[in-house]
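# Observations on the model geometry
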Amino acid sequence: MATVYLCIGTQKTGTTSLQYFMRANEGALKKQGYSYPYMDIGIPDAYYKNRNAHFLVYHSPDSVEEEEKKEKAYQILGKLAEEYENIVLSDEIIWYQCNKIKNFWEDVCEKFRKINCDLKIVVYLRRQDAIIQSLWNQKVKGLPGITEDFQTYFQKKMYSYFPLDYYAHLQKIAGYVGKENMLVRIYENGQFEGKNHDLLSDYLDTLGIDFNEDFVVAEETLNHGLDGNFVEMKRILNGIKEYQGLDNFMRMPMTYASDARLEQNPQKKSSMFLYEEQVGFLKKYEESNAKTAKEFLGREDGVLFREPVQELPTWDGNNSEMYQDLFAVMAEMFCAQEKKINSLKKEIRAINNSLIFRGYRKAKKMLKSK
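Please read all numbers here as calculations on a predicted model, not as lab measurements.

Take the overall build of the protein chain next. Broken down by element type, the protein chain carries 15 helices and five strands. By principal-axis analysis of the C-alpha atoms, the protein chain measures approximately 95 × 60 × 45 Å. Each of the 370 residues in the protein chain was classed as buried or not, and the buried ones make up 46%. Nonlocal contacts in the protein chain, meaning residues at least 24 apart in sequence, comprise 78% of its contacts between residues at least 6 apart. A total accessible area of about 20400 Å² is found for the protein chain, and carbon and sulfur atoms account for 51% of it. Here the protein chain contributes 51 positive and 54 negative side-chain charges, whose respective centroids are spaced 10 Å apart.

Counting buried positions along helix α10 (residues 228-238) gives 10 out of 11 residues, so the element sits mostly inside the fold. Listing the buried residues of α10 in full gives G228, N229, F230, V231, E232, M233, K234, R235, L237 and N238.

Taken in spatial order, the five strands of this open sheet run β2-β3-β1-β4-β5, and their pairing is parallel. Looking at which strands have only one partner, the edges of the open sheet turn out to be β2 (34-35) and β5 (182-186). Strand direction decides the pairing type here: β2 and strand β3 (residues 86-90), joined by two bridges, are parallel. Its bridge partner being in β3, Y34 is matched across the sheet by N86. Running over the sheet, helix α8 (residues 166-177) touches β4 (117-125) and β5 and is turned about 175° from β4.

Quick reminder: α-helices carry 3.6 residues per turn. Residues three or four places apart thus point the same way. The terminal C-alpha atoms of helix α6 (residues 128-142) lie 21 Å apart, and with 15 residues this matches the ideal 21 Å at 1.5 Å per residue to within 8%. With 12 of 15 residues buried, α6 is to be regarded as a mostly interior element. Where the residues of α6 are buried, they touch α7 (150-155), α8, α10, α12 (251-264), α13 (275-283) and α14 (286-297).

What follows is about empty space enclosed by the protein. One pass over the full model with this rule turns up two cavities of 30 Å³ or more. Of the volumes computed, that of the largest cavity is approximately 70 Å³. Lining the largest cavity we find C7, G9, T15, L18, Q19, M22, Y36, S90, V122, Y124 and Y203. Broken down by secondary-structure element, the contributors of at least two residues to the lining of the largest cavity are α1 (15-24) and β4. For the lining of the largest cavity, the class distribution of residues is seven nonpolar, four polar and no charged.

A few words on the side chain of D91. Here D91 lies in the loop between β3 and α4 (94-97). For D91, a relative accessible area of 0% translates into the label buried.

Summed over all chains, the structure comprises 26 aromatic pairs. On the numbers, 6.3 Å between centres and 45° between planes, the contact of Y96 with F162 is tilted. Pair noted here: Y96 is in helix α4 and F162 is in the loop between α7 and α8, with a separation of 66 residues, a long-range link. Since its relative accessible area comes to 2%, F162 is described here as buried. Both rings, one in Y153 and one in Y159, keep their centres 6.0 Å apart while their planes meet at 55°; by these two values the pair is tilted. The exposure class assigned to Y153 is buried, which follows from its relative accessible area of 2%. These aromatic residues form a ring-pair network of at least three members: W136, F150, Y153, F154, Y159, F273, F281 and Y285. For K179, the ring lying beneath its charged end belongs to F296, and the centroid distance is 5.0 Å.

Moving on to the nonpolar core. It is characteristic of soluble globular proteins that their nonpolar side chains tend to be buried jointly. Membership of the largest hydrophobic core comes to 76 residues, with the highest contact counts inside it found for L6, I94, W105, F112 and L125. For this core, the element with the highest residue contribution is α8, accounting for six residues. In this structure, F192, L207, F211 and F215 belong to the second largest nonpolar core, which totals 21 residues.

This brings us to the layout of surface pockets. Quantified by volume, the second largest pocket comes out at close to 290 Å³. Forming the walls of the second largest pocket are 14 residues, and the residues nearest its centre are R127, L282, E286, N289 and F305. Contributions of two or more residues to the lining of the second largest pocket are made by α13 and α14. Here the lining of the second largest pocket is composed, by residue class, of eight nonpolar, two polar and four charged.

With that settled, consider the packing of helix α3 (residues 63-83) against helix α5 (residues 104-114). Where α3 contacts α5, the two axes come as close as 10 Å, and the packing angle between them is 40°. The orientation of α3 relative to α5 falls into the category oblique. In this structure, α3 meets α5 at a crossing whose hand is right-handed. Mapping the contact onto sequence places E67, E71, Y74 and L77 in α3 and V108, K111 and F112 in α5. The residue makeup of the contact of α3 with α5, split by class, is four nonpolar, no polar and three charged.

Another point: the pattern of salt bridges. Under the criterion given, the structure shown has 17 salt bridges. Put simply, R261 and E321 hold a salt bridge, and the shortest N to O gap is 3.7 Å. Of this pair, R261 sits in helix α12 while E321 sits in the loop between α14 and α15 (322-369), placing them 60 residues apart in sequence. Residue classification places E321 among the partly exposed positions, given a relative accessible area of 23%.

Thresholds, definitions, all that
Residues numbered from 1 in each chain as written. Predicted model: local features only at pLDDT ≥ 70, side-chain atom pairs only at ≥ 80, totals over all residues. Heavy atoms only, no water. Helix = DSSP H or I, 4+ residues; strand = E, 2+ residues; numbered from the N terminus. Buried < 20%, exposed > 50% of the residue type's maximum accessible area, 1.4 Å probe, protein only. Contact = heavy atoms within 4.5 Å. Areas by Shrake-Rupley, 256 points an atom, 1.4 Å probe, with all protein chains shown as cover. Lys, Arg positive; Asp, Glu negative; His and termini not counted. Charge placed at Lys NZ, Arg CZ, Asp CG, Glu CD. Pairing = 2+ DSSP bridges. Axes fitted to C-alpha atoms, helices over the stretch in contact; angles between N-to-C directions. Expected span 1.5 Å × (residues − 1). 1 Å grid on protein atoms, 1.4 Å probe; cavity = no way out; pocket = protein on both sides within 12 Å on 5 of 7 lines; lining within 4 Å. Points joined across faces, edges and corners; volume = space filled by probe spheres on them. Nonpolar A, V, L, I, M, F, W, Y, C, P; charged D, E, K, R; others polar. Phe/Tyr/Trp six-rings, centres within 6.5 Å; stacked < 30°, edge-to-face > 60°. Lys NZ or Arg CZ within 6 Å of the ring centre and 35° of its normal. Core = buried A, V, L, I, M, F, W, Y, C linked by side-chain atoms within 4.5 Å. Parallel < 35°, antiparallel > 145°, perpendicular 65-115°, else oblique. Left-handed = near helix turned anticlockwise from the far one by under 90°. Salt bridge = Lys/Arg side-chain N within 4 Å of Asp/Glu carboxyl O.

See the structure below:
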């Protein structure tokens, strides 16, 4: 019987980097009896190549087509279960999308039983104040048209789709898969275990994988949030109708500029919360977090997150570095355009050279025929 490790997030806990790592190291994984399969079931978005558990929450207007794709996925997994002892699946949106699908966990458990697989759930938890700031940041960064500032997002509870009462949500899942099959980890520096005591080591250790020399660690996948000034510039840009139809082309230049500026000044940290507001928000989850620590991590002290709540300055748009950050964004955009222009020039030269060469050969052939 194979074991399926279903990694359900949560979002903003390094899941993209982990998914890219697993895809890049399929050979090393296979040596240890693990498969990180590419679920080729006809879902059109290439993004799901690495989010290989997406079939579980895939939705189509055509319910028959949706069911066919899911059945195809289980057929693929059933064959893999005959070859591998362990199968790893990952999609971070399962953490909240499972609440939107009727009988989700009941059906998932039943389907995996039918293909002779044990199911274990892997989930990383991040402190609630940090995760809602990061979720808002990601929306502004990734979705043109999102123009709400953080206070609007927070006051209107636009994060309510995302389960923040960790204990209640974990208990619900455990009711189907069994508490012994819940592998709950904490996304926080100082709490990572494994070979290097970082997220990657912790993840592989949780899955029972030996992090040996067979694995290649590529450059970190860029999925960082935007620093305060940059997320504000992007939020304003999102409200421009012309920009909304241009494939969000400023997303990466802004990310590069934000990373570069933060690297120059790593102490430049701020919060979107007012400190008192932040402390009050976290107080709502004290009991839930304590129960999670005790029952899912075996911590008698009931401490889930160990990093203290820092009293950071609240971000204010009227700051002295705004013009420097704006210039950094402009420079990144100009550089990106220049690279594109140079690339197009090379393509044009190659085409012209090809045409000249073909014309020369044709003329030479005509002269010989005379």
